[in-house]
Amino acid sequence: MVVGHVDLHLHTTASDGVMSPAEIVRYAKSKGLQAIAITDHDTIDGCEEGLSEGEKIGFEVIPGIEISAEHSPGSMHILGFFLDVHHPLLNERLEYLQKARAERNPKMVQKLNQLGIDVTYEEVLKASGGGQVGRPHFANVLLEKKYVRSFQEAFDRFLKKGAPAYVDKFRFTSKEALHFINEARGVAVLAHPNTLGVSGYAELEKLIVRLVGEGLKGIEVYYPEHSSAEVAQYKTLADRYNLLPTGGTDYHGIEKNELDIGVGRGDMKLSYSIVENMKALRNRS
Ligand code: AMP
Ligand code: FE
Ligand code: FE
Ligand code: ZN
């Protein structure tokens, strides 16, 4: 049991998670957590269902999102917590992202077909279960149709950046993403900084300074893929720039890897005080 603990990075069927928002809320409660944030990729479509299930069963759910921002050489994801899900600008920007995805996905089907792989867009749509369509759904179809032996092989051979079926997706700049998160009264947090691909503390610090200028309020310090050295580094940066240290497991569902909600690979324990700090910050602004 992890009484009094939280998980602030979770995916549902609204993006590429395995559980529906209601299911993940019930699962979190059954695991003894005190609160969770629903942070689907580029969509808030799972938030309402999660919030209403939370109300129904008496469990705190934070409406959130994870936005992919333009960045190289690695990837930059920005989390937003406590979003006003009805905010017009937020909704307009997210609709734009959905349109961009709707153009990208058929192109990936076409590329797979050109490689001699018999996959249809309908099959991918079906694999997505009605939520937003992304590469993990392509991977599941390739796996199901036995073109690959594992989910990971689908990415390595076909879907990862630079692989033959990859098509880039539209991304907002960090400045744009931070702007609309802040406009919707969200608390903006840099997700898993270890995927940025920046080398060394000085370069990371420079990037953080830029993001703070654009409206960043926190850093996801605690994350299953962070080494203890990385955690220490991100905590130092959070302290230095007065950023909220947050954390979460990035749980996508049981099939994907060995992670579990709340505890990650078993050693995560995130205090509810993180949520209280976010609320205090939000009330000040
Ligand atoms: P998309 O938003 O369609 O570009 O898909 C991105 C999602 O694919 C990420 O959120 C991950 O869940 C998954 N993903 C991306 N790169 C990889 C990779 N190299 N191996 C496994 N999964 C990946
Ligand atoms: Fe994902
Ligand atoms: Fe991410
Ligand atoms: Zn995530």
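Above: the structure in question.
Residues numbered from 1 in each chain as written. Chains lettered and ligands numbered in written order. Predicted model: local features only at pLDDT ≥ 70, side-chain atom pairs only at ≥ 80, totals over all residues. Heavy atoms only, no water.

**Student:** Just to check I follow, could you spell out the pattern of salt bridges for this structure?
**Tutor:** Any two side chains of opposite charge can pair, on the condition that their charged atoms come close. Counting across every chain of the model gives 15 salt bridges. Its salt-bridge partner being Glu-60, residue Lys-279 comes within 2.9 Å of it at the nearest N-O pair. With Lys-279 in helix H10 (residues 273-284) and Glu-60 in strand E3 (residues 60-69), this pair connects stretches of sequence that are 219 residues apart. Between Arg-93 and Glu-92 there is a salt bridge, with the nearest N and O atoms lying 3.4 Å from each other. (Salt bridge = Lys/Arg side-chain N within 4 Å of Asp/Glu carboxyl O. Helix = DSSP H or I, 4+ residues; strand = E, 2+ residues; numbered from the N terminus.)

**Student:** Whenever I open this one, the coordination of the iron ion (ligand 3) confuses me. Can you help?
**Tutor:** The expected angle between donors at a tetrahedral four-coordinate metal is 109.5 degrees. At an octahedral six-coordinate metal it is 90 or 180 degrees. Taken together, the protein donors to the iron ion (ligand 3) comprise Glu-66 (OE), His-77 (ND1) and His-192 (NE2), at separations of 2.0 to 2.3 Å. Counting gaps between the donor residues of the iron ion (ligand 3) yields the pattern E-x10-H-x114-H. In this structure, the iron ion (ligand 3) lies 3.4 Å from the zinc ion (ligand 4), and both are coordinated by Glu-66. On the criterion of sequence distance, the pair formed by Glu-66 in strand E3 and His-77 in strand E4 (residues 76-81) is long-range, its members being 11 residues apart. Looking at His-77, the relative accessible area reads 15%, which means it is buried. (Donors = N, O, S within 2.8 Å, 3.2 Å for Na, K, Ca; no water. Buried < 20%, exposed > 50% of the residue type's maximum accessible area, 1.4 Å probe, protein only.)

**Student:** Looking at this structure, I do not really get the pairing of strand E5 (residues 187-190). What am I missing?
**Tutor:** It is a general feature of regular strands that their side chains alternate between the two faces of the sheet. Both faces of E5 are covered, namely the face carrying Val-187 and Val-189 and the face carrying Ala-188 and Leu-190. Across four bridges, the pairing between E4 and E5 is antiparallel. Bridged to Ile-78 within E5 is Leu-190. Sheet topology places E5 next to strand E6 (residues 218-222); two bridges connect them, and they run parallel. Within E6, the position partnered with Val-189 by the bridge is Gly-218. Following the backbone out of E5, through helix H8 (residues 201-214) and into the adjacent parallel E6, one traces a crossover that is right-handed. (Pairing = 2+ DSSP bridges. Right-handed = clockwise from strand over helix to strand, strands pointing away.)

**Student:** Please explain helix H1 (residues 21-30) as it appears in this structure.
**Tutor:** Within H1, burial applies to Pro-21, Ala-22, Ile-24, Val-25, Tyr-27 and Ala-28. Buried residues in H1 make contact with strand E2 (35-38), helix H2 (47-57) and E3. (Contact = heavy atoms within 4.5 Å.)

**Student:** Looking at this structure, I do not really get the coordination of the iron ion (ligand 2). What am I missing?
**Tutor:** In the first shell of the iron ion (ligand 2), the protein supplies Asp-16 (OD), His-41 (NE2) and His-252 (NE2), at 2.1 to 2.2 Å from the metal. The metal-metal distance between the iron ion (ligand 2) and the zinc ion (ligand 4) is 5.0 Å. Taken together, the residues Asp-16 in the loop between strand E1 (6-7) and H1 and His-41 in the loop between E2 and H2 connect sequence positions 25 residues apart. Taken as a pair, Asp-16 and His-41 share a single burial class, namely buried.

**Student:** So what exactly am I meant to see when it comes to the nonpolar core here?
**Tutor:** As a rule of thumb, nonpolar side chains are buried together in soluble globular proteins. Ile-44, Ile-67, Met-76, Ile-78, Leu-94, Phe-180 and Ile-219 are the most contacted members of the largest nonpolar core, which has 33 residues in total. For this core, the elements supplying multiple residues, two or more each, are E3, E4, helix H3 (88-114), helix H7 (174-183), E5, H8, E6 and helix H9 (228-240). Sequence-distant contacts of Phe-180, defined by excluding residues within four places in its chain, comprise Ile-67, Leu-89, Leu-90, Arg-93, Leu-94 and Phe-172. (Core = buried A, V, L, I, M, F, W, Y, C linked by side-chain atoms within 4.5 Å.)

**Student:** Looking at this model, I keep getting lost on the pairing of E3. Mind explaining?
**Tutor:** Across the 10 residues that make up E3, a large majority, nine, are buried. In terms of strand pairing, E2 meets E3 through four bridges, oriented parallel. For Ala-37, the partnering residue across the bridge sits in E3 and is Ile-62. Both E3 and E4 contribute to a ladder of six bridges, which runs antiparallel. Bridged to Gly-64 within E4 is Phe-81.

**Student:** How do you make sense of unusual backbone geometry when you look at a structure like this?
**Tutor:** Trans peptide bonds make up most of the peptide bonds, and negative phi angles are found at most residues other than glycine. The residue after Ser-72, namely Pro-73, is reached through a cis peptide bond having omega 10°. Here Pro-73 lies in the loop between E3 and E4. For Phe-82, which is not a glycine, the phi torsion comes out positive at approximately 60°. Within the secondary structure, Phe-82 is located in the loop between E4 and H3. Look at Asn-242: it is not a glycine, yet its phi comes out positive at around 55°. As for its position among the elements, Asn-242 is in the loop between H9 and strand E7 (244-247).

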